[in-house]
Amino acid sequence: MASITVTNARVFTGESETAFASAFRIVDGVVDWVGDAAEVTDPDAVDLGGRTVVPGLIDSHTHPALLAGTAAAVECFPPAVLSRGDLVDVLRAHAETLTSPRAWVLGRGYDDTKFPGRDGPTAADLDRVSTERPVLVWRCDAHSAVCNTRALEIAGITADTPDPDGARFERDAEGRPNGVLTEIAAVNAVAAHIPPPTRDEQIAAILALGEEWASRGIVAVCDLLSNRIQEPLATFRAAAERGLRTRVALYPGWDPAAPLADLEPGDREGRIRVAGVKVVLDGAYSNRTAWVAEPYPDSCDHGLRLVDDADVLAAAGWARRNGVQLAVHAMGDSALYRVVELFENEEPWLDGIPSVRIEHATIVSDAYLERLRTARMTFGIATHTVFFFAEYDGYEKALRVEQVPDAYPIARLYAGLQPLALSSDRPATAWSGADDVMLSVEAAVRRRAYNGVEFGPEAAITVAQALLLYTSRAASLSPLAGVGALTPGADGSFAVLDRDVFTVADDEISSVRVAETWIRGERVFVR
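Parameters and conventions
- Residues numbered from 1 in each chain as written.
- Predicted model: local features only at pLDDT ≥ 70, side-chain atom pairs only at ≥ 80, totals over all residues.
- Heavy atoms only, no water.
- Helix = DSSP H or I, 4+ residues; strand = E, 2+ residues; numbered from the N terminus.
- Rg over C-alpha atoms; globule rule 2.2 N^0.38 Å.
- Buried < 20%, exposed > 50% of the residue type's maximum accessible area, 1.4 Å probe, protein only.
- Contact = heavy atoms within 4.5 Å.
- Arc of directions from axis to C-beta.
- Pairing = 2+ DSSP bridges.
- Axes fitted to C-alpha atoms, helices over the stretch in contact; angles between N-to-C directions.
- Salt bridge = Lys/Arg side-chain N within 4 Å of Asp/Glu carboxyl O.
- Core = buried A, V, L, I, M, F, W, Y, C linked by side-chain atoms within 4.5 Å.
- 1 Å grid on protein atoms, 1.4 Å probe; cavity = no way out; pocket = protein on both sides within 12 Å on 5 of 7 lines; lining within 4 Å.
- Points joined across faces, edges and corners; volume = space filled by probe spheres on them.
- Nonpolar A, V, L, I, M, F, W, Y, C, P; charged D, E, K, R; others polar.

Thoughts on the overall build of the protein
- When its secondary structure is counted, the protein shows 16 helices and 25 strands.
- Rg of the C-alpha trace for the protein: 23 Å, near the compact-globule value of 24 Å for 527 residues, within the 12% margin.
- The principal-axis extent of the C-alpha atoms belonging to the protein is close to 80 × 55 × 50 Å.
- Buried residues in the protein amount to 60% of all 527 residues.
- For the protein, long-range pairs separated by at least 24 residues make up 73% of all intrachain contacts whose partners lie at least 6 apart in sequence.

In structure tokens, the structure reads:
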């Protein structure tokens, strides 16, 4: 059996906020001993010179299939793109690299709330990129997009085209589509015409993501819309055969028009597995499409509900029948309460992990959390701190004053709900490098946005608490048993940091880097 002993380290084991050791041993990929460096007698032990070690990190809500399916898109995130002119410049430069006459000019990640006057792009702007090639760029929330006139022509969208259910083709004063595609159904009406990447291109993109995850110390991810590529299970497993080491839990999206086939034996097992199904109940706060009880400030708009009860219940029935989780995207308070109303009195169908995951959960009051705790159903939450950090401008515009104390109340959630995780939602986050765990940890500790503005400081948590939400507490949210802790019987997966994240100044946490990543006792990344 392969054996490796790590010694002379500050080891955060992930068992609790105060659980530290200084040495551990991995045998055949599994931790079999954790203790004090003074007990180590192995002459070949890896001496880390006192550096800090954390369990392999988990990104519990991200979108690698979306990234693989749109690998040709150029990044347009802040802080590189802060105006319509910046956006046009980046897309023009990208267009000059394209050689295929069929290629679209694609981008992702613009945040119009950071543009001067919060003036978002339209087809007229993207026509400056090209009038011959179709151009489409996804907004940072991945719920909306904008395209040029050529893309509208290819999709057959005219002034007479009706809006899709739960979405809008935005229009100018004369009623003509202006290229702004609000919510997923509108985006898909155009994006469906983009030539898909080949299987090999998708696999190559997944392998590149695996390398990036390793550089972040991330050893396991949950893909919360895995059917953005064809045959996601087979494609990710093919990537694993070619060297992907990351554990991946897949959650295909529920499409009422094309219900999912039941799972086959083995689909729920192994390092790459189907873990659940996702329903998108509402939109996003940053573009004021989250479904809210009180209208948005200076508006009579309550956002968008994207699916009805029957569709949510049908997805839940599929999850129950197939023994996997139901994950519900719910940001607005109306959406969040509807999830509880639909399921709180139902019998859970999974043991050890919540049957129902709530994704994002922006507004969580004490009363709402109490309903989750006392429900017959088992609930968990995957939420974020990178959202308010990166998208403060949008939340400033979308949240009512009385909602701010309940917005991403991480301290309240940490104390009140065991199955809980912080996550990146990459690329549906308005920041380049949103899956940098230390960025989220600093935001959790400081409760400050990118511009230094405080955002609910009473909801701050400690570094140790934030790291638990990327390790053992995150593992309790999903079927990722074995990762997230350095304890006997756990996967021997861990990250070595270049500085001690527990003692650096709060405003330096995000600059801490992963120096090495090990997966099951094998070093897979060295900075």
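Quick look at helix α5 (residues 184-191)
- Listed as buried for α5 are A186, V187, V190 and A191. What you see down the axis of α5 is that its buried residues fit within an arc of 130 degrees, all on one side.

Regarding the sheet that holds strand β17 (residues 272-274)
- Strand order in this open sheet of four strands is β8-β15-β16-β17, and the pairing throughout is parallel. A strand with exactly one partner marks an edge of an open sheet, and here the two such strands are β8 (57-62) and β17. Neighbour-to-neighbour, the strand axes of this sheet turn through a mean angle of 15 degrees, independent of strand direction.
- Direction of pairing for β8 relative to strand β15 (residues 218-223): parallel, over a ladder of four bridges. By the bridge assignment for β15, D59 is matched with V221.

A few points about the environment of G253
- Here G253 is to be found in the loop between β16 (247-250) and β17.
- Not counting the four nearest positions on each side in its chain, G253 is found in contact with L225, N227, L260, V277 and K278.

Some details on the pattern of salt bridges
- Per the stated rule, a full pass over the model turns up 43 salt bridges.
- Residues R171 and D163 are paired through a salt bridge, measuring 3.4 Å at the closest nitrogen-oxygen approach.
- Among the residues examined, D163 registers a relative accessible area of 35% and is labelled partly exposed.
- The salt bridge involving R373 is made with E370; its shortest N-O contact spans 2.4 Å. On the criterion of helical spacing, the pair formed by R373 and E370 is a turn pair, its members being three residues apart in helix α10 (residues 366-374).

Things to note about the nonpolar core
- One finds Y285, L326, F343, I358 and L467 to be the most contacted residues of the largest nonpolar core, which totals 114 residues.
- Apart from the residues lying within four places of it in its own chain, the contact partners of L326 are V277, V279, A315, A316, A319, F343, W349, S355, V356 and R357.
- Membership of the second largest hydrophobic core comes to 19 residues, among which are L106, W138, A155 and I194.

Some remarks on the layout of surface pockets
- The calculated volume of the second largest pocket comes to roughly 430 Å³.
- Taken together, 19 residues make up the lining of the second largest pocket; nearest its centre are D112, E170, V180, T182 and N287.
- Elements with a minimum of two residues in the lining of the second largest pocket: β13 (168-171) and β14 (177-182).
- Considering each element in turn, the lining of the second largest pocket owes the most residues, three residues, to β14.
- For the lining of the second largest pocket, a count of residues per class yields three nonpolar, eight polar and eight charged.

Re empty space enclosed by the protein
- A full pass over the atoms with the stated rule returns three cavities of 30 Å³ or more.
- In this model, the largest cavity occupies a volume close to 80 Å³.
- Taken together, 13 residues make up the lining of the largest cavity; nearest its centre are D141, A284, M331, F387 and A428.
- When grouped by side-chain class, the residues that make up the lining of the largest cavity number six nonpolar, four polar and three charged.

What to know about unusual backbone geometry
- In this structure, the amide linkage connecting P78 to the following residue, P79, adopts the cis form with an omega of 0 degrees.
- By the element assignment, P79 lies in the loop between β9 (74-75) and α2 (84-95).
- Following R426, the chain continues into P427 via a peptide bond in cis, with omega recorded as 5 degrees.
- As for its placement among the helices and strands, P427 is situated in the loop between β22 (420-422) and α14 (437-446).
- Unusually for a residue other than glycine, A142 sits at a positive phi of about 65 degrees.
- Here A142 shows up in the loop between β11 (135-139) and β12 (145-147).

Focus on the sheet that holds strand β25 (residues 522-526)
- One open sheet holds the six strands; their spatial order is β3-β2-β7-β23-β24-β25, and the pairing between them is mixed. The sheet is open, and its two borders are formed by β3 (20-21) and β25, each paired with just one other strand.
- Looking at chain direction, strand β7 (residues 52-55) and strand β23 (residues 494-497) are connected through three bridges and run antiparallel. For V53, the partnering residue across the bridge sits in β23 and is V496.
- Running at roughly 115 degrees to strand β24 (residues 514-519), helix α6 (residues 199-216) makes contact with β24 and β25 of the sheet.

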